[in-house]
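Listed below are the residues making up each chain.
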Amino acid sequence: MTMRQSTSLSSLSSYDKDYSAQSHYTRNNLLSGQWQSKVPERNVNRDVLVSEEYVNDRQDRVIGKTDRSAGQKKKKKKHLITANLSGTRYDVVRQMVEKVGFSVTKDDDLGAYLIWNDSFVSMDRISELKSYQRMNHFPGMGEITRKDALARNLLRLQKAFPDDYNFIPKTWILPTDHSLLLGYARDLKAKKKQRTFIAKPSNGAQGHGIALYKNAEKIPQTEHFIVQEYIDKPLLLDGYKFDLRVYVLVTSCDPLRIFLLNDGLVRLCTEKYVPPSDGNVGRLFMHLTNYSVNKHSDSYEKSMGVDTGSKRSIKYLNDHLRKNDYDVTLLWKNISEMIVKTMLVAEPHILHAYRMCRPGQSPASDSVCFEVLGFDFMIDRKCRPWLIEINRSPSFGTDEKIDYDIKSSLIEDTLHLLNIKVSDKRRNLANMKAEAQKRLFRTTKKGDTADMTELEKRRHNIAKRKEELKEQLNRVRKATAREDYENRNLGRFRRIFPSDDKIRQEKYCNLLMTAFSVILSGRGAAMQKEILQTYNNRLQEEDITDQIEQCEVDEKEGRIFTSQGRPPRIPKPLTSMPDNLPVTAEQREDDDDSDDQTESFSKRILTGGSRSRPQSVHQRSNSESPPSNKSGGATGRPASNTSLQRTKSLTRIPAANKTASSQRTGVDENILSSMVKEREEELTKKTLTALNEMRIKFPGKSDAEADNLLDRLHENMKFHKPRIASYWLVKLDSIKRRKVIDIVRSNVRAVIQRIWKCSDIDSLRLFRIFSRVFNRLLWSHGQGLWNCFASVGNSWETIFSKSSECISENEMNSCRRIVQLCKDCLLIVYQFATEAKAAPSQPTSDTEEQSPITYNGYSYLPSRDAKPPPTWNPQTFSQRYSKLYQSKVEGMT
Ligand code: ADP
């Protein structure tokens, strides 16, 4: 399979270097005023690829079919992907559609897979589309493509985020804002400042009806115009004013996905620029950059080379700017942020309109709409970009070679990213049937629940939860598959939303939530959770499979929650768990106290420290787990380390690494992958060493004392086991159990942060593996960890035996160490609670207990030399607990 090189560099500026190399079309003929290219002809039977969604590379899908025998051709032909192009006048669209192997169908074929229209279509037409069809317009997009609507929407967000939405020139919407405009002009006069204004028809295009005014009072009041402050100090190219046409593809609004093309057009005026004056405001060839205006100028120059002509490429502009010491990377970072921020303002309108048109469409299904937008920017003398307008039907005219080069790859890459498959139609039918059946099933079930017994209802709830999880899993898998497909088929696009940069993405989510609440005032709050879930908090596949597994275990073992969702007070004994101790009345009374003691304890308990200590009993018990250097020691998990599996794991390296790896596009993928693998292995090893050095501290006791204590607990396990079981499984509720595990988790996080030097720990493969282990330990109301005290087997290891992910020896041993630390932590917490309960209650000196010692910038609580705590101060559980999280591991520097 030939993988198409995906482009994921951080700015347009980085891509354009290979522009010339990629421009493989040659000027061969000029037909009817349009520049035409020789498009390689291909007889394509697209049904070869039908069954897999997102899986196959587009090269497979197109090229892999050419070898079919002629005899088969006739039969296969009716399965081609069809495109209805009756609504477009552009030849380049037809050429690219044929190039990617679609078949252009009859004008009246309303069931075609792809429908391309130059102008916008009605919402009714979008409602009528079948879910396998795609049309090149979204409903609601007019909210950013009409000049007055764009200004109105951006100004609304500007109120909430003045620093983020300051990228359009000062704007007034007439006739409403006429008096505001005059007031502004008067203020300027009073301050003796001069400004020029540009008035544009609200729904205009191609420069029609535009005029410049030196005096705002002369602007007619009654018309539907927008008036802007004129950018009078534009950056010039060879003395000419210019603007940028940047192409943006939106493939879906539910969820929003935005791509930016790595090239575009620079359109120059045809008369040298002179700042506006009463004498020159009427000279359109000097002040308007539209091609539709300037092509009528005698000075219009067709582009013959990269550095001449009235139209040039963005690649050329970037080179030019770089040569003149402008920060091109920053320029494109700003432009891509402006595009996303504008789309975030449009999203509430588009999503609302889209959902109205497509009620009941599952979020996991493909969008029936997509859109190629033309964003126009101007750059001022300080290299600051300004958004001028957005076109929903950008011209695909190819009068010149430069047009053809850029627009043909724009359309071709768009068609590939849409990932239309022959099988979409069949799947659509099957889905419709399944949905209908499900609806039928749901009604029957609803009727049934009324007659259910309490037990049946609970069972039913678990089954329902499992169904929900499965649906969620399906969505997550589809999203992952979609992302994988996109990454392999970006062509000359790069995805700008959702962003790979976590911090930026968080900021976008914040803007999006505000946009919803400002624009859809009443419904904004309801969208918040959905936005966070969709864009900022994507559950990982393993988390969901773990939860499904837990449902299954609960179902099998009859552990069914009460209606309040709490587990039964006394858990069902496991083989590894001794009979539960009867909870005495005294213990019950002390419940709250004891929890508090646990927590105050955990404030003082810390993992870490590099001091070695003698081999202890409980350490020896750790060595019962399979030895680290034995092959296949990882409990029968798939030990193979195939490149495929490795590639899978590599997709999970942190964003920063990802970018770095894909930037080295010249390096052989295998070498790159083995380099990354080696580095990962080395860091994992270091992590394991650090984890082995970590110790659970007992507040007020030295490490040796804590070790002795653990040894004593292990020696008397027979006595302690039922008490520990009662304490962990019964006394602590799920929040407190989680907090005990979090003592280890937060310190492990700190260790990883130090070793991997990575800010986005959560997306790090190793930490995600650890998270699965931590989650497993909390499984079934704490039974996960409790099972680890059993003398046989380590049930948590099965999470890896069922997964297709390959876990290395070092990773597995790190997990084992973590489990050991959690066990130690539980023992110490238990011991601490027991001691605290026995000790008489005395007030504690706050300063002694709370002032952590700082060491190399980290703070930690004293342990070795501190006096044993007299007892706990009366702080609340969470107050004391929160301090623990601030602590870092001693000796980590
Ligand atoms: P149209 O849709 O009619 O092309 P635009 O808003 O794109 O209208 O404006 C046309 C041209 O006018 C732009 O390409 C740009 O050259 C110029 N222009 C528009 N707004 C401004 C402005 N605020 N400052 C300077 N030039 C502007």
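For clarity, every value in this text was computed on a predicted model and none was experimentally measured.

(A) Up close: the overall build of the protein chain. For the protein chain, the helix and strand inventory stands at 33 helices and 19 strands. Scored against the burial criterion, the 893 residues of the protein chain give a buried share of 54%. For the protein chain, the proportion of contacts with a sequence separation of at least 24, taken over those separated by at least 6, is 75%. In the form shown here, the protein chain has an accessible surface area of approximately 41000 Å², with 51% of it arising from carbon and sulfur atoms.

(B) Looking closely at the sheet that holds strand β6 (residues 134–135). Across the sheet, four strands lie side by side as β4-β3-β5-β6; this open sheet has parallel pairing. Both edges of this open sheet fall to β4 (103–104) and β6, since each of them pairs with a single strand only. In this sheet, β6 lies alongside strand β5 (residues 114–117) in parallel orientation, the contact comprising two bridges. Along β6, the bridge assignment pairs Ile 115 with Met 135. Relative to the sheet, helix α5 (residues 91–99) contacts β3 (82–87), β4 and β5, its axis offset from that of β3 by approximately 175°.

(C) Structural context of helix α29 (residues 779–787). Across the nine residues of α29, nine count as buried, placing the element largely inside the fold. Listed in full, the buried residues belonging to α29 are Trp 779, Ser 780, His 781, Gly 782, Gln 783, Gly 784, Leu 785, Trp 786 and Asn 787.

(D) Fine view of the pairing of strand β16 (residues 385–391). When you tally the buried positions in β16, you get seven out of seven residues, the bulk of the element. Inspection of the sheet shows strand β15 (residues 371–379) paired to β16 by six bridges, in the antiparallel sense. Each residue of the ladder has a partner; that of Phe 377, found in β16, is Leu 387.

(E) Spatial organisation of the packing of helix α27 (residues 734–756) against helix α31 (residues 809–838). In the contact formed by α27 and α31, the axes pass within 9 Å of each other and the chain directions differ by 135°. One way to sum up the angle between α27 and α31 is to call them oblique. For the pair α27 and α31, the sense of crossing is right-handed. Note on element contacts: α31 touches α27 through Ile 818, Leu 821, Cys 822, Cys 825, Leu 826 and Val 829, opposite Val 740, Ile 741, Ile 743, Val 744 and Val 748. Here the contact of α27 with α31 is composed, by residue class, of eleven nonpolar, no polar and no charged.

(F) Main features of the nonpolar core. Ranked by size, the top nonpolar core spans 70 residues in total, and within it Leu 244, Ile 339, Met 343 and Phe 375 carry the most contacts. For this core, the element with the highest residue contribution is helix α13 (residues 328–357), accounting for 15 residues. Leu 766, Ile 799, Cys 815 and Ile 818 belong to the second largest nonpolar core, which has 60 residues in total.

(G) Molecular detail of a nonpolar patch on the surface. Residues Phe 120, Met 123 and Met 356 make up a contiguous nonpolar surface patch of about 280 Å² in total accessible area. With respect to the helices, strands and loops of the structure, Met 123 is situated in helix α6 (residues 123–128).

(H) Molecular detail of the sheet that holds strand β7 (residues 171–173). In space, the four strands of this open sheet follow the order β7-β10-β8-β9, with antiparallel pairing throughout. Either end of the sheet is taken by a strand with one partner, and the two such strands are β7 and β9 (211–213). Going across the sheet, the axis of each strand differs from the next one's by a mean of 25°, ignoring polarity. The pairing of β7 with strand β10 (residues 225–229) spans three bridges and is antiparallel. Each residue of the ladder has a partner; that of Trp 172, found in β10, is Val 227. Contacting β7, β8 (197–201) and β10, helix α8 (residues 147–160) crosses the sheet at an angle of about 115° to β7.

Cut-off values and rules
- Residues numbered from 1 in each chain as written.
- Predicted model: local features only at pLDDT ≥ 70, side-chain atom pairs only at ≥ 80, totals over all residues.
- Heavy atoms only, no water.
- Helix = DSSP H or I, 4+ residues; strand = E, 2+ residues; numbered from the N terminus.
- Buried < 20%, exposed > 50% of the residue type's maximum accessible area, 1.4 Å probe, protein only.
- Contact = heavy atoms within 4.5 Å.
- Areas by Shrake-Rupley, 256 points an atom, 1.4 Å probe, with all protein chains shown as cover.
- Pairing = 2+ DSSP bridges.
- Axes fitted to C-alpha atoms, helices over the stretch in contact; angles between N-to-C directions.
- Parallel < 35°, antiparallel > 145°, perpendicular 65-115°, else oblique.
- Left-handed = near helix turned anticlockwise from the far one by under 90°.
- Nonpolar A, V, L, I, M, F, W, Y, C, P; charged D, E, K, R; others polar.
- Core = buried A, V, L, I, M, F, W, Y, C linked by side-chain atoms within 4.5 Å.
- Patch = residues over 30% accessible without salt bridge, like charges linked within 9 Å, V, L, I, M, F, W, Y side chains within 5 Å.
- Salt bridge = Lys/Arg side-chain N within 4 Å of Asp/Glu carboxyl O.

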